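# Survey of secondary and tertiary structure
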Amino acid sequence: DIQMTQSPASLSASLGETVTIECRASEDIYSNLAWYQQKPGNSPQLLIYDANSLADGVPSRFSGSGSGTQYSLKINSLQSEDVASYFCQQYNNYPNTFGAGTKLELK
Amino acid sequence: EVQLVESGGVLVQPGRSMKLSCAASGFTFSSFPMAWVRQAPTKGLEWVATISTSGGSTYYRDSVKGRFTISRDNAKSTLYLQMDSLRSEDTATYYCTRDRDYFDYWGQGVMVTVSS
């Protein structure tokens, strides 16, 4: 199975700040990567697919980048509603696998 | 509006069975593969199983192969997960998802607790 190593595990940031979350795959996943946001008590929501494509209805302050084994999710101008956990997922190989998650809190 | 509504979760003893259902609406159900993804309490996400549009192909993670069966009824726009020989490690919230390889829509989830 492909291992997805996500960092940091937790993050504290201020309103208006830019935040970056990283995800490293144990082998090349050819940009077959998605990012999800999960707010407390809610189900996950798709943010980004194919490494850098924004899902429908997702604010443009979210962006994804990367290739090969290294990927990142950037949140520009952090808003209070962005407090959540974030997960990456590779779908290049079965079984598709998720990172352990990054918990984002407000400073 | 796409909606996925799960039902069937409850407390069950180890070794027993349970069947989850997911009623889909707001899209052409028969045109999309569907999947179940689970999340153990305070843990991360774990793909469980996927079924093709016709139901003719199914895929499972190793830990549930031979115990879980994913199925669908396209006439009823409903997805199922039959879970047999349940173990304590199957305790989780189970989400019904639309499978585009990534998961673009998720249900609200149903809690399954396996405990004596």
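Residues numbered from 1 in each chain as written. Chains lettered and ligands numbered in written order. Predicted model: local features only at pLDDT ≥ 70, side-chain atom pairs only at ≥ 80, totals over all residues. Heavy atoms only, no water.

Within chain B, the secondary structure is distributed over zero helices and eleven strands. Ordered by position from the N terminus, the helices and strands of chain B form the series β-β-β-β-β-β-β-β-β-β-β. Whereas a compact globule of 116 residues would reach a radius of gyration of roughly 13 Å, chain B reaches 13 Å, a difference of no more than 12%. Counting across all 116 residues of chain B, residues that qualify as buried make up 48%. Sequence-distant contacts, at least 24 apart, represent 52% of the contacts inside chain B between residues at least 6 apart. Total accessible area on chain B is roughly 5,300 Å²; 44% of this is exposed by carbon and sulfur atoms. If you average the places of the 12 positive and of the 11 negative side-chain charges in chain B, the two averages end up 4 Å apart. (Helix = DSSP H or I, 4+ residues; strand = E, 2+ residues; numbered from the N terminus. Rg over C-alpha atoms; globule rule 2.2 N^0.38 Å. Buried < 20%, exposed > 50% of the residue type's maximum accessible area, 1.4 Å probe, protein only. Contact = heavy atoms within 4.5 Å. Areas by Shrake-Rupley, 256 points an atom, 1.4 Å probe, with all protein chains shown as cover. Lys, Arg positive; Asp, Glu negative; His and termini not counted. Charge placed at Lys NZ, Arg CZ, Asp CG, Glu CD.)

Looking now at unusual backbone geometry. The omega torsion across A:Ser7 and A:Pro8 is -5°, close enough to zero to call that bond cis. Here A:Pro8 is to be found in the loop between β1 (4-7) and β2 (10-13). Omega for the peptide link from A:Tyr94 to A:Pro95 comes to -10°, which places this bond in the cis form. Structurally, A:Pro95 is set in the loop between β9 (84-90) and β10 (97-98). The backbone of B:Asp101 sits at a positive phi, close to 85°, despite the residue not being glycine. Here B:Asp101 shows up in the loop between β9 (92-100) and β10 (102-106).

So, on to the pairing of strand β1 (residues 3-7) of chain B. Residues and elements named next belong to chain B. Burial along β1 is one-sided: the residues Leu4 and Glu6 are buried and none of Gln3, Val5 and Ser7 is. Across five bridges, the pairing between β1 and strand β3 (residues 18-25) is antiparallel. Across the sheet, valine 5 pairs through a bridge with alanine 23, a residue of β3. (Pairing = 2+ DSSP bridges.)

To continue, consider the side chain of B:Gln39. By the secondary structure assignment, B:Gln39 is in strand β4 (residues 34-39). One polar contact links B:Gln39 to A:Gln38, side chain to side chain, over a distance of 2.9 Å. What B:Gln39 contacts, discounting residues up to four positions off in sequence, is A:Gln38, A:Phe87, B:Gly44, B:Leu45, B:Ala92, B:Thr93 and B:Tyr95. (Polar contact = N/O pair within 3.5 Å; in protein donor to acceptor, adjacent residues only side chain to side chain.)

Listed as interface residues are 17 residues of chain B and, on the opposing side, 16 residues of chain A. Summed over both sides, the interface of chain B with chain A buries roughly 1,400 Å², with 65% coming from carbon and sulfur. Three residues, B:Leu45, B:Trp47 and B:Tyr102, lead the burial of chain B against chain A; their summed loss comes to 42% of the area buried on that side. Counting every contact that joins chain B to chain A gives zero salt bridges. At the boundary of chain B and chain A, one finds five residue pairs in polar contact (both at pLDDT 80 or more). Of all the elements in the fold, those that place two or more residues in the side of chain B that touches chain A are β4, β5 (45-51), β9 and β10 of chain B. Per-class residue counts for the side of chain B that touches chain A are eight nonpolar, five polar and four charged. (Buried area = accessible area lost by both parts, 1.4 Å probe. Salt bridge = Lys/Arg side-chain N within 4 Å of Asp/Glu carboxyl O. Nonpolar A, V, L, I, M, F, W, Y, C, P; charged D, E, K, R; others polar.)

All names here are of chain B. Reading across the sheet, the four strands line up as β1-β3-β8-β7 and stay open at both edges, with antiparallel pairing between neighbours. A single partner strand is all that each edge strand has here, and the edge strands are β1 and β7 (68-73). Put simply, the sheet's adjacent strands are angled 15° from each other on average, direction ignored. (Axes fitted to C-alpha atoms, helices over the stretch in contact; angles between N-to-C directions.)

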